[in-house]
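Close look at the chain arrangement
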Amino acid sequence: MAPFQLQQLEPELQEIAVDDYHFRNWAKTFTCKPELLFSPQTEKQVQKIILLANKLNKPVKAVGSGHSPSDLACSSGFMMTLDNMNRLLNVDRKNNTVTVEAGMSLHTLHKVLRENGLSLSNLGSISDQSVAGVMATATHGTGAHFKCLSSMIVDLTLIAANGNIYFCSPNENKDIFEAARCSLGALGIITRMTLKVEPDFKLEAIQKPYKFSEVLNNWDAIIHSSEHTRIWWYPHTDDCVVWTANRTEKPVYKSAPSYFMERVYGFHIYQAMLNVTRYGTSLIPYLTRLMFNTLHCKPIHIIDESNKVFNFDCLFPQYVNEWAIDWKDGPDALRKLNEFINNNDLKVHFPVEIRFVDEDDIWLSPAYGRKTCYIGVIMYRPYGKPVPYKKYWKGYEDIMREYNGRPHWAKAHGQSRKDLEASYPKLNEYLRVREKLDPKNIFLNDYLKRHVVNNNQITISARL
């Protein structure tokens, strides 16, 4: 079918569309060129775009910040950004809820919440994503008694392939609500959400060096040592950093490395040294030890507004992979990962990040039905000569599968629908809702066909 031309649109849609748009995700690992990019400002315009895509049998995908390092947001047909649908719709201080349009960024959400004396209870490492985008993949923070961010959803509004608008909550259109709390963008376009929040708070975070063996041998105590605990392990060493954070009424305080050490040395000089190790990978373990000994061998103490403490810079471009397993299996899985790295003489970059999430009942949440440990691995992704990472990725994924691991939906991974059916008890129920809402499959793309909908096995080249 020939590409749909901008001049073929009705005047209202012409004003919010462009036909020369190249999408590239934040990680610069996937790109696409949709036929048209739409920037609607109202639900009515979203409805018109969906009906047009349905009529023409064109795929249509919503895209947020493009932060997913996979092709989850890519589309060969129509693409829709909700950046212009970013308004605060309602604040309920009595019940601690807030209703916002789905295109609002988390950065903006923090601002409007704080203006109303409110805050998100938990948060991941960044706030660049849109509200709908971060919920679509059940994105998580860390905390033994805190669930993924999608658990904050009180209700939502979704526009399906036939243009119908559904208000969904635990009491209304319940099956759609359950599927849409982690929708993968496959059910329709979510235009607004009500979120459960809490009174604004500060966090006191303390970061200390630990030995890897000490962390593994005192696993439960480490997990429960604070409200929010995360671990960074430095491969090729027995070194870890344990980060703990708790709510506090104390005044803002910062005891941390200087700007030069943190940003100039810890980012720019470190990235330059990573580039050097591309031509001598045997230097990587020495560089890892150097960075630990100069930046992370001493405690760091910070008290600040919650989102400023939760968030971290992603720093340099990177390949990233992250899976979720039962947190009781974390020590064994990490020991096996360490053995795999050493036995295969791999030279891998730090850190391996370890976070903890309480179990939930969201159908496609990686924390569905079990207390969860997320283990994330990275490799520096330079411009020019690439670093070898595929053997590391395959070994890591194989270890995660041993423990019935579930990949983070936003990341590129190697699970097929058959694999996912075994680890997600509600997958087929989700797909039945999806088929009801989108019988012509206009909300599917290559990622969803490859991993979620089709029963085909995935080749090594496709998944890596």
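To start, this report covers the structure provided alongside it.

Reading the values: the criteria
Residues numbered from 1 in each chain as written. Predicted model: local features only at pLDDT ≥ 70, side-chain atom pairs only at ≥ 80, totals over all residues. Heavy atoms only, no water. Salt bridge = Lys/Arg side-chain N within 4 Å of Asp/Glu carboxyl O. Helix = DSSP H or I, 4+ residues; strand = E, 2+ residues; numbered from the N terminus. Pairing = 2+ DSSP bridges. Contact = heavy atoms within 4.5 Å. Axes fitted to C-alpha atoms, helices over the stretch in contact; angles between N-to-C directions. Patch = residues over 30% accessible without salt bridge, like charges linked within 9 Å, V, L, I, M, F, W, Y side chains within 5 Å. Areas by Shrake-Rupley, 256 points an atom, 1.4 Å probe, with all protein chains shown as cover. Parallel < 35°, antiparallel > 145°, perpendicular 65-115°, else oblique. Nonpolar A, V, L, I, M, F, W, Y, C, P; charged D, E, K, R; others polar. Buried < 20%, exposed > 50% of the residue type's maximum accessible area, 1.4 Å probe, protein only. Polar contact = N/O pair within 3.5 Å; in protein donor to acceptor, adjacent residues only side chain to side chain. Phe/Tyr/Trp six-rings, centres within 6.5 Å; stacked < 30°, edge-to-face > 60°. Lys NZ or Arg CZ within 6 Å of the ring centre and 35° of its normal. Core = buried A, V, L, I, M, F, W, Y, C linked by side-chain atoms within 4.5 Å.

1. So, the pattern of salt bridges
- Taken as a whole and judged by the stated rule, the model has 34 salt bridges.
- Note that Glu178 is salt-bridged to Arg181, the shortest N-O span being 2.7 Å.
- Between Arg247 and Glu198 there is a salt bridge whose closest N-O contact spans 3.0 Å. Of this pair, Arg247 sits in strand β16 (residues 239-248) while Glu198 sits in strand β13 (residues 198-199); the two residues are 49 residues apart in sequence, bridging distant segments of the chain.

2. A short note on the sheet that holds strand β17 (residues 253-255)
- Strand order in this open sheet of nine strands is β17-β18-β14-β16-β15-β20-β21-β19-β22, and the pairing throughout is antiparallel. Lying at the two open borders of the sheet, with one neighbouring strand each, are β17 and β22 (406-407).
- Where strand β15 (residues 228-234) lies against strand β20 (residues 352-357), four bridges are found, and the strand directions are antiparallel. Bridge pairing in β20 links Arg230 to Arg355.
- Docked against the sheet, helix α11 (residues 330-343) engages β15, β19 (318-326), β20 and β21 (372-380), running at close to 20 degrees with respect to β15.

3. Quick look at a nonpolar patch on the surface
- Residues Val276, Leu283 and Tyr286 make up a contiguous nonpolar surface patch of roughly 320 Å² in combined accessible area.
- Structurally, Val276 can be placed in helix α8 (residues 259-277).

4. Re the packing of α8 against helix α9 (residues 284-296)
- It is at 11 Å that the axes of α8 and α9 come closest, and there the two elements cross at 175 degrees. It follows from the interaxial angle that α8 and α9 lie roughly antiparallel. Residues Met261, Tyr265, Gly266, Tyr270, Met273, Leu274 and Thr277 of α8 form the contact with α9, whose own contacting residues are Ile284, Leu287, Leu290, Met291, Thr294 and Leu295.
- A class-by-class count of the residues in the contact of α8 with α9 yields ten nonpolar, three polar and no charged.

5. As for the side chain of Asp358
- Relative to the assigned elements, Asp358 resides in the loop between β20 and β21.
- Here Asp358 falls in the buried class, since its relative accessible area comes to 11%.
- A distance of 2.7 Å separates a polar atom in the side chain of Asp358 from a polar atom in the side chain of Lys371.
- What Asp358 contacts, discounting residues up to four positions off in sequence, is Gly143, Ala144, His145, Phe146, Lys147, Ala367, Arg370 and Lys371.

6. Side note on the packing of aromatic side chains
- Under the definition given, this model contains 14 aromatic pairs.
- Seen in terms of ring centroids, Trp409 and Tyr424 are 5.4 Å apart; in terms of plane orientation they differ by 35 degrees. Their pairing is tilted. One end of the pair, Trp409, is in the loop between β22 and α13 (417-423); the other, Tyr424, is in the loop between α13 and α14 (427-437), with 15 residues separating them in the sequence.
- Linked through ring pairs, Tyr234, Tyr270, Phe292 and Phe350 together constitute an aromatic cluster.
- One residue, Arg406, lies across the ring of Tyr424, its end atom 5.1 Å from the ring centre.

7. Concerning the sheet that holds strand β8 (residues 97-101)
- On the basis of which strands lie adjacent, the open sheet formed by five strands has the order β7-β8-β12-β10-β11 and antiparallel pairing. Since the sheet does not close on itself, it has two edges, and those belong to β7 (88-92) and β11 (165-168), each with one partner. Across the sheet, the mean angle separating the axes of adjacent strands is 10 degrees when strand polarity is ignored.
- Examined bridge by bridge, β7 and β8 share four bridges and lie antiparallel to one another. Pairing of Val91 across the sheet is with Val98, part of β8.

8. So, the nonpolar core
- Counting 72 residues, the largest nonpolar core has Leu109, Leu156, Trp409, Tyr430 and Val452 as the members making the most contacts within it.
- For this core, the element with the highest residue contribution is α14, accounting for five residues.
- With sequence-adjacent residues up to four places away left out, Trp409 is seen in contact with Ser70, Leu72, Thr137, Cys182, Leu184, Leu364, Pro366, Leu420, Tyr424, Tyr447 and Val452.
- Counting 37 residues, the second largest nonpolar core, distinct from the first, contains Val215, Ile341, Val352 and Tyr389.

9. Some words on the pairing of β15
- Counting buried positions along β15 yields seven of seven residues, so the element is predominantly enclosed.
- Alternating positions in β15 separate into two faces, His228, Arg230, Trp232 and Tyr234 on one and Thr229, Ile231 and Trp233 on the other, with burial throughout.
- In terms of strand pairing, β15 meets β16 through seven bridges, oriented antiparallel. In the sheet register, Trp232 faces β16, and the bridge partner there is Val241.
- In textbook terms, the turn of a hairpin is the stretch between consecutive antiparallel strands, and for β15 and β16 this stretch comprises four residues, one of which, His236, has a positive phi near 75 degrees.

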